[in-house]
Amino acid sequence: MLEIKQYKTALDVLNGICKKDDPHHYREKQVRAYLRDGIGHADDTIVAKEGSGHHYNKLWCYEILQSAGTFKKAAIALPGYSFYDGAYWKQLGINEMWCYEIDPDIRWVNMRLLKYILDDIEIKGKTCDPIIDHRFLTRDVDLAIYFECERMANLNTVIYDGFYTNKPVLVFQGGWEKKRGYINLCKTLEDFKKTLPKLDIMHEETRNEKHMVIGCLE
Amino acid sequence: MANKIIYLQWGDRYGQEDIDKLYDRVNKNCSVDFEFTTIHECYASRENDEFTYLQKEYYRGSMDVNETIGSDNGILREDLGGCAHCQKINMFFYDNELFDERDTLLYIDLDSKINKDLAYFFDLDMQKPWIAGSGESDNEWRLLFGTRQNPLYNSSVILWKVHQLRKIWHDFYYHRKSIFFQYGMIDNWLWHRFGPYSYDGVYKNYFNVFDSDVVGINNDESIISTYSGFTMEEKKECLK
């Protein structure tokens, strides 16, 4: 059922965004390329293909999180386009999701891409920089995910003991791929961990030029 | 109350010859009384020393910026860290020591060409400070937003009253480490923090933006033409 809703949502977005008077028409090429990474048939949902870069790295994170339990309220910093993510958020039991994007339009495109999940999950967001505007992030979450830490200053400068009120599970992903806007590259997992707050680590792994660390604040 | 036209001199990229050229251009194109004022980087403070230290600490390129960001490398100045032109930020704090509270301050980069009468600037509504735009009019820049490229502010020309920009200095100082790490250029940070997409209602649309026929990029039809983003060779050619 979810898969049908996903297909319908994807078609609606593509049919809308291809029109010249659509407010996000100039993103058509980008959204098409993003959706092209999809491949169906994984527990009746559409998921991203293995090897499809950033999108796949996100799904890798969700798969690991499934063994960590369920969450009610979550926050993601810099999620990028999140069409494939929604189904995983539902599987994780999330019913309120906060998305923080530095790009003002991605939030609105995401609301269209996630239409298939809006009956189940309340999606909220802010256009802000998760580092400089960290004081304005929602703090009573059960799960906080920081994708693309390469795009931010060291997170140990803004996340400290007591920053989050619920002792949430924290997820950090970062790597060493050289790319525009990637300003904080870490070649080794140990180097990456030095940029993070002190954690009781539940999982750490390196795949596809990416490190991922999951844990709770000490 | 006076109209002050100011420029800031730091580093050794521009010399007395460039200052004289700007003065000549201003003198020929300003029909109202004005005072031409130099602010030197040597107007130092503890904070200025700290910014200088952070610039050295967080800048990740070589001394030759153009060599580091060469087209083959696929990176731009913003990716190198540090905060280019951060020296401007101190003008926003120390303006009250240099000028009278009622003065109107027009800052112009040394690499600017004055084409028409600057009196226009001293007749503007000063409820909010003014800044130049980057001249981008389509949506292409938005695709690059996430990489902090293409800010729509251009700090080559700023118009303000004494004290009006003090909040900006305080915000810069409070977040200095993150800014030097992440933003690469002061224009990018100003756009993110004080532009139309700032999360914060107090800072949102903090500036009025000059139309492109007032301050343009390489546009001889505008009152001031700036050359931000151009190489030194290109600038020299345009400013002949």
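Right above here is the structure, for reference.
The following paragraphs examine the structure supplied in this document. These figures come from a predicted structure and were not determined experimentally.

So, about the overall build of chain A. Secondary structure summary: chain A contains six helices and nine strands in total. In terms of overall dimensions, chain A is globule-like: its C-alpha atoms have a radius of gyration of 17 Å, near the 17 Å expected for 218 residues. When the backbone C-alpha atoms are referred to their principal axes, chain A occupies close to 45 × 35 × 30 Å. Each of the 218 residues in chain A was classed as buried or not, and the buried ones make up 60%. Restricting to contacts in chain A with at least 6 residues of sequence separation, those with at least 24 account for 66%.

Moving on, we get to unusual backbone geometry. Phi at H163(B) is positive, roughly 85 degrees, even though this residue is not glycine. Among the secondary structure elements, H163(B) is positioned in the loop between β7 (153–161) and α6 (166–174).

Another aspect to go through is the pattern of salt bridges. In this structure the tally under the stated criterion is 27 salt bridges over all chains. As a salt-bridge pair, E122(A) and K124(A) come within 3.7 Å of each other at their nearest N and O atoms. When the shortest N-O distance is used, the salt bridge between R102(B) and D100(B) registers 3.1 Å. A relative accessible area of 34% means that D100(B) is categorised as partly exposed. It is possible to trace a salt-bridge network through shared partners that takes in K73(A), E96(A), E122(A), K124(A) and D140(A).

All right, on to the packing of helix α1 (residues 2–17) of chain A against helix α2 (residues 28–36) of chain A then. All names here are of chain A. Relative orientation of the contacting elements α1 and α2 amounts to 160 degrees, with a least axis distance of 10 Å. One way to sum up the angle between α1 and α2 is to call them roughly antiparallel. Where α1 crosses over α2, the two elements pack in a sense that is left-handed. The residues of α2 that touch α1, namely those facing A10, V13, L14 and I17, are E28, V31, R32 and L35. Looking at the contact of α1 with α2, its residues break down into six nonpolar, no polar and two charged.

Right, let's talk about empty space enclosed by the protein for a bit. The tally for this structure, following the rule as stated, stands at four cavities of 30 Å³ or more. Counted as a void, the largest cavity has a volume near 120 Å³. What lines the largest cavity is a set of 14 residues, and nearest its centre among them are C128(A), D129(A), D133(A), H192(B) and R193(B). At three residues, helix α8 (residues 186–194) of chain B tops the list of elements feeding residues into the lining of the largest cavity.

With that settled, consider the packing of helix α4 (residues 91–98) of chain B against α6(B). A pair of packed helices can be characterised by two numbers: the angle between their axes and the separation between those axes. Residue and element names in this part refer to chain B. Interaxial distance between α4 and α6 falls to 7 Å at its minimum, and their mutual angle equals 135 degrees. With respect to α6, the element α4 is oriented oblique. Facing F92, F93, D95 and N96 of α4, the residues of α6 in contact are R166, I168, W169 and H170.

So, about helix α2 (residues 46–58) of chain B. All names here are of chain B. For α2, which comprises 13 residues, the first-to-last C-alpha distance of 18 Å matches the rise-based estimate of 18 Å (1.5 Å per residue) to within 8%. Listing the buried residues of α2 in full gives E47, N48, E50, F51, L54 and Y58. In an axial view of α2, the angular spread of the buried residues amounts to 155 degrees, which keeps them on one side of the axis. Across α2 from its buried face, at more than 90 degrees, point the exposed residues R46 and K56. Buried residues along α2 sit against α4, α6 and α7 (176–182).

So, on to the side chain of S112(B). Residue and element names in this part refer to chain B. If you trace the backbone, S112 turns up in strand β5 (residues 112–114). Classification of S112 as buried rests on a relative accessible area of 0%. Polar contacts involving the side chain of S112 include one to the main-chain carbonyl oxygen of D109, which spans 2.9 Å. Those residues in contact with S112 that sit more than four places away from it in its chain are L22, R25, I224, S225, T226 and L239.

With that settled, consider the nonpolar core. Core analysis: the largest hydrophobic core is formed by 71 residues, its most contacted members being Y146(A), L155(A), I159(A), F172(A), I168(B), W189(B) and F207(B). Ranked by the residues each element gives to this core, the list is headed by α8(B), at five residues. Not counting chain neighbours up to four residues away, the residues in contact with L155(A) comprise I131(A), Y146(A), C149(A), F172(A), T195(A), L196(A) and P197(A). Y62(A), I94(A), I106(A) and I145(A) belong to the second largest nonpolar core, which has 43 residues in total.

The next subject is the pairing of strand β6 (residues 143–146) of chain A. Residue and element names in this part refer to chain A. Here β6 shows no split at all, with L143 and I145 on one side and A144 and Y146 on the other all buried. The sheet contact formed by strand β3 (residues 73–77) and β6 spans four bridges and is parallel. Counterpart to I76 in the pairing with β6 is I145.

A separate point is the sheet that holds strand β1 (residues 3–9) of chain B. Residues and elements named next belong to chain B. Taken in spatial order, the six strands line up as β2-β1-β4-β7-β6-β9 in an open sheet, and their pairing is mixed. Edge positions in the sheet fall to β2 (35–40) and β9 (208–209), since each has one partner strand and no second. Here four bridges tie strand β6 (residues 130–133) to β7, and the two strands are oriented antiparallel to one another. Counterpart to A132 in the pairing with β7 is N154.

With that settled, consider α4(B). Turning to α4(B), its buried residues are M91(B), F92(B), F93(B), Y94(B) and D95(B). For α4(B), the secondary structure elements touched by its buried residues are β1, β2, α2, β4 (104–108), β7 and α6 of chain B.

All names here are of chain A. A large share of strand β9 (residues 210–217) lies buried, amounting to eight of its eight residues. Pairing between strand β7 (residues 169–175) and β9: six bridges, direction antiparallel. Bridging from a neighbouring strand, G174 pairs with H211 of β9. The sheet contact formed by strand β8 (residues 199–207) and β9 spans eight bridges and is antiparallel. Its bridge partner being in β9, H203 is matched across the sheet by I214.

Scoring rules and cut-offs
- Residues numbered from 1 in each chain as written.
- Chains lettered and ligands numbered in written order.
- Predicted model: local features only at pLDDT ≥ 70, side-chain atom pairs only at ≥ 80, totals over all residues.
- Heavy atoms only, no water.
- Helix = DSSP H or I, 4+ residues; strand = E, 2+ residues; numbered from the N terminus.
- Rg over C-alpha atoms; globule rule 2.2 N^0.38 Å.
- Buried < 20%, exposed > 50% of the residue type's maximum accessible area, 1.4 Å probe, protein only.
- Contact = heavy atoms within 4.5 Å.
- Salt bridge = Lys/Arg side-chain N within 4 Å of Asp/Glu carboxyl O.
- Axes fitted to C-alpha atoms, helices over the stretch in contact; angles between N-to-C directions.
- Parallel < 35°, antiparallel > 145°, perpendicular 65-115°, else oblique.
- Left-handed = near helix turned anticlockwise from the far one by under 90°.
- Nonpolar A, V, L, I, M, F, W, Y, C, P; charged D, E, K, R; others polar.
- 1 Å grid on protein atoms, 1.4 Å probe; cavity = no way out; pocket = protein on both sides within 12 Å on 5 of 7 lines; lining within 4 Å.
- Points joined across faces, edges and corners; volume = space filled by probe spheres on them.
- Expected span 1.5 Å × (residues − 1).
- Arc of directions from axis to C-beta.
- Polar contact = N/O pair within 3.5 Å; in protein donor to acceptor, adjacent residues only side chain to side chain.
- Core = buried A, V, L, I, M, F, W, Y, C linked by side-chain atoms within 4.5 Å.
- Pairing = 2+ DSSP bridges.

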